[in-house]
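Chain by chain, the residues run as shown.
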Amino acid sequence: PEKTEAVEIERFQYLAQLHGNYIIACDEENLYIVDQHAAMERCMYEDIQQEIEKNEVMTQDLIVPLMIELTPAEIQQIDRLNEVFNAIGIEMEGFSSNSVLIRRVPLWFEDINEEEFIHDLVGEILNEKKMNVLDIRKDRIASLACHSSIKFNHRLDAMESRKLLSRLGRCVQPFNCPHGRPTMMAISEAQLQKEFKRVL
């Protein structure tokens, strides 16, 4: 039998970017207005969760280490912090009494505010005494990364918008961000016909 290649079908077709905040897209049934920030949060959340759950976090070494200021009390807890940081591919070492160096990070660090994420995660680990490494890895890390991800009013070009729509179409739950906000608004053909008074 002749061998056939699997073809990935895109769920959403890109139409336009609106005001630097929204993507206009469609499929065979609906027109969609996509909130690009909420969509990016959903995509990042699912991607990061999968990487962590499968223990397949892709990492990269930093040419120039990232220096992060922490309190002396936080520095004293560096072994506890590294239980979680090492599990998600972040290599952190003490540098001074109030700072650490980050030498290796996950690839998804490119899409977030690194310093904000590090401070948020340190706070989560040290403030939640009952939380173990698996609890943090399971949900909180992806949520914190989403919080630090692409911001509203960051204009995406057509290629970036198509890439985001493609990722969103592969999500398990594409219609809501991790915090429950909708990622898109759908307008059906029936609604359009009604608005334009084309109902028979």
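Residues numbered from 1 in each chain as written. Predicted model: local features only at pLDDT ≥ 70, side-chain atom pairs only at ≥ 80, totals over all residues. Heavy atoms only, no water.

### What about the confidence of the model for the protein?
Mean pLDDT over the protein: 81, with 82% of residues reaching 70 or higher. Predicted confidence is poor over residues 1–7, with pLDDT under 50, and the contacts of this stretch with residues over four places away or in other chains come to zero contacts. (pLDDT = per-residue confidence, 0-100. Contact = heavy atoms within 4.5 Å.)

### With respect to helix H3 (residues 78–87)
Turning to H3, its buried residues number three or more, namely Ile78, Leu81, Asn82, Val84, Phe85 and Ala87. Directly after H3, the chain includes Gly89, whose backbone phi takes a positive value near 85°. (Buried < 20%, exposed > 50% of the residue type's maximum accessible area, 1.4 Å probe, protein only. Helix = DSSP H or I, 4+ residues; strand = E, 2+ residues; numbered from the N terminus.)

### Details of helix H1 (residues 36–53)
Taking 1.5 Å of rise per residue, 18 residues should cover 26 Å, and H1 covers 26 Å from first to last C-alpha, within 8% of that figure. Burial within H1 is extensive, with 14 of its 18 residues counted as buried. (Expected span 1.5 Å × (residues − 1).)

### Observations concerning the pattern of salt bridges
Under the counting rule described, the total for this entry stands at five salt bridges. In this structure, the salt-bridge partner of Arg181 is Glu41, at a minimum N-O distance of 3.2 Å. Within this pair, whereas Arg181 is found in the loop between helix H6 (158–169) and strand S7 (184–188), its partner Glu41 is found in helix H1, the two being separated by 140 residues in sequence. (Salt bridge = Lys/Arg side-chain N within 4 Å of Asp/Glu carboxyl O.)

### Overview of the nonpolar core
With 42 residues, the main nonpolar core has Phe85, Phe117, Ile118 and Ile141 as its most contacted residues. Elements represented by at least two residues in this core include exactly strand S2 (22–26), strand S3 (30–35), H1, H3, strand S6 (99–106), helix H4 (114–127) and H6. (Core = buried A, V, L, I, M, F, W, Y, C linked by side-chain atoms within 4.5 Å.)

### With respect to the packing of H3 against H4
Relative to each other, H3 and H4 sit at 120°, their axes nearing to 10 Å. Helix-helix and strand crossings are classified by hand; for H3 and H4 the assignment is right-handed. Of the residues in H4, those in contact with Arg80, Leu81, Val84 and Phe85 of H3 are Ile118, Leu121, Val122, Ile125 and Leu126. Residues that form the contact of H3 with H4 fall into these classes: eight nonpolar, no polar and one charged. (Axes fitted to C-alpha atoms, helices over the stretch in contact; angles between N-to-C directions. Left-handed = near helix turned anticlockwise from the far one by under 90°. Nonpolar A, V, L, I, M, F, W, Y, C, P; charged D, E, K, R; others polar.)

### Re the sheet that holds S3
Read from one edge to the other, the open sheet built from four strands follows the order S1-S2-S3-S7, with strand pairing classed as antiparallel. Each edge of the open sheet carries a strand with a single partner, namely strand S1 (13–18) and S7. For this sheet, the mean angle separating the axes of adjacent strands, direction not counted, is 20°. Strand direction decides the pairing type here: S3 and S7, joined by five bridges, are antiparallel. Counterpart to Leu31 in the pairing with S7 is Ile187. Together, S1, S2 and S3 form the strand contacts of H1, whose direction differs from that of S3 by roughly 80°. (Pairing = 2+ DSSP bridges.)

### Some points on the sheet that holds strand S5 (residues 91–96)
In space, the three strands of this open sheet follow the order S4-S6-S5, with antiparallel pairing throughout. Looking at which strands have only one partner, the edges of the open sheet turn out to be strand S4 (59–69) and S5. Strand after strand, the sheet turns through a mean of 20° between neighbouring axes, direction not considered. Strand direction decides the pairing type here: S4 and S6, joined by seven bridges, are antiparallel. Its bridge partner being in S6, Asp61 is matched across the sheet by Arg104. Where H3 meets the sheet, its contacts fall on S5 and S6, and the angle it forms with S5 comes to roughly 150°. On top of the sheet, H4 reaches S4 and S6; it is set at about 70° to S4, its chief contact.

### Here's the deal with the pairing of S5
Of the pairings in the sheet, the one linking S5 to S6 comprises five bridges and is antiparallel in character. When the sheet's bridge partners are listed, Met92 is paired in S6 with Ile102. Turn length for the S5-S6 hairpin, with the two strands adjacent in sequence and antiparallel, is two residues.

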